[in-house]
Amino acid sequence: MGMFILRDGARIPLHDHPGMYGIIKVVHGTVSIQSYSSLASVDGHKDGKDLRVVSVRKNPLMFMDELAEPCVLSPEEGNYHEIKAVGTTSAAFVDILEIGRAHV
């Protein structure tokens, strides 16, 4: 579990949490969450490095403030995501991560 504070316009770049569930609850300000869901992936190698190419579906852009219900991201839905503070103030949110049952 962690708490993140973002200045207006700041963002947490596109990333994922493989095999994990995430719950995001905004406690101050407003954030946008752009997420993508994995459709398929292919593992490979190039120049001696392991690679993974992932096909994704872009999910609708979400805007959340402190009145919004928590956002739930799963290993299958929305796991690739970027979070950005929007509006005229900073934003703060709590992020809770849990390992999916298949990874226990």
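The model shown is predicted, which means the values in this text are computed figures rather than measured ones.

Conventions used here
- Residues numbered from 1 in each chain as written.
- Predicted model: local features only at pLDDT ≥ 70, side-chain atom pairs only at ≥ 80, totals over all residues.
- Heavy atoms only, no water.
- Helix = DSSP H or I, 4+ residues; strand = E, 2+ residues; numbered from the N terminus.
- Buried < 20%, exposed > 50% of the residue type's maximum accessible area, 1.4 Å probe, protein only.
- Contact = heavy atoms within 4.5 Å.
- Lys, Arg positive; Asp, Glu negative; His and termini not counted.
- Charge placed at Lys NZ, Arg CZ, Asp CG, Glu CD.
- Salt bridge = Lys/Arg side-chain N within 4 Å of Asp/Glu carboxyl O.
- Core = buried A, V, L, I, M, F, W, Y, C linked by side-chain atoms within 4.5 Å.
- Pairing = 2+ DSSP bridges.
- Axes fitted to C-alpha atoms, helices over the stretch in contact; angles between N-to-C directions.

Regarding the overall build of the protein
Consideration 1: A count of helical and extended segments in the protein gives 0 helices and 9 strands.
Consideration 2: Each helix and strand of the protein, placed in order from N terminus to C terminus, yields the pattern β-β-β-β-β-β-β-β-β.
Consideration 3: Taking the principal axes of the C-alpha coordinates as reference, the protein spans close to 45 × 30 × 25 Å.
Consideration 4: Counting the 104 residues in the protein, one finds 30% classified as buried.
Consideration 5: Pairs at least 24 residues apart make up 80% of the contacts formed inside the protein by residues separated by at least 6 positions.
Consideration 6: Treating the 10 positive side-chain charges of the protein as one cloud and the 13 negative ones as another, the clouds have centres 5 Å apart.

Side note on the pattern of salt bridges
Consideration 1: Using the criterion set out here, one finds 3 salt bridges in the structure.
Consideration 2: Between Glu-77 and Arg-57 there is a salt bridge, and its shortest N-O distance comes to 2.7 Å. Of this pair, Glu-77 sits in the loop between β7 (71–73) and β8 (80–86) while Arg-57 is found in strand β5 (residues 49–58), placing the two residues 20 residues apart along the sequence.
Consideration 3: Overall, the relative accessible area of 39% leaves Glu-77 in the partly exposed class.
Consideration 4: On the basis of relative accessible area, Arg-57 is assigned to the partly exposed category, the value being 35%.

Here we look at the side chain of Asn-59
Consideration 1: Structurally, Asn-59 can be placed in the loop between β5 and β6 (62–65).
Consideration 2: Its relative accessible area of 12% is what places Asn-59 among the buried residues.
Consideration 3: Residue contacts for Asn-59: discarding those within four places in its chain leaves Gln-34, Ser-35, Tyr-36, Ser-37, Glu-77 and Gly-78.

Focus: the nonpolar core
Consideration 1: Judged by nonpolar contacts, the single largest core of 13 residues is most densely connected at Ile-24, Val-31, Ile-33, Ile-83 and Phe-93.
Consideration 2: Put simply, the parts of the chain that give this core at least two residues each are β3 (20–28), β4 (30–46), β7, β8 and β9 (91–99).
Consideration 3: The contacts of Phe-93, once residues within four sequence positions are left out, are Gly-2, Met-3, Phe-4, Leu-6, Ile-12, Ile-24, Lys-25, Val-26, Val-27, Val-31 and Ile-83.

Description of the pairing of β9
One face of the sheet, then the other: side chains in a regular strand alternate in exactly this way.
Consideration 1: Pairing between strand β1 (residues 2–6) and β9: 5 bridges, direction antiparallel. When the sheet's bridge partners are listed, Ile-5 is paired in β9 with Ala-92.
Consideration 2: By the bridge criterion, 8 bridges tie β3 to β9 in an arrangement that is antiparallel. Across the sheet, residue Ile-23 finds its bridge partner in β9, namely Ile-96.

Considerations on the sheet that holds β7
Consideration 1: Strand order in this open sheet of 4 strands is β1-β9-β3-β7, and the pairing throughout is antiparallel. Looking at which strands have only one partner, the edges of the open sheet turn out to be β1 and β7. On average, each strand axis in the sheet is tilted by 25° relative to the strand beside it, whichever way the strands run.

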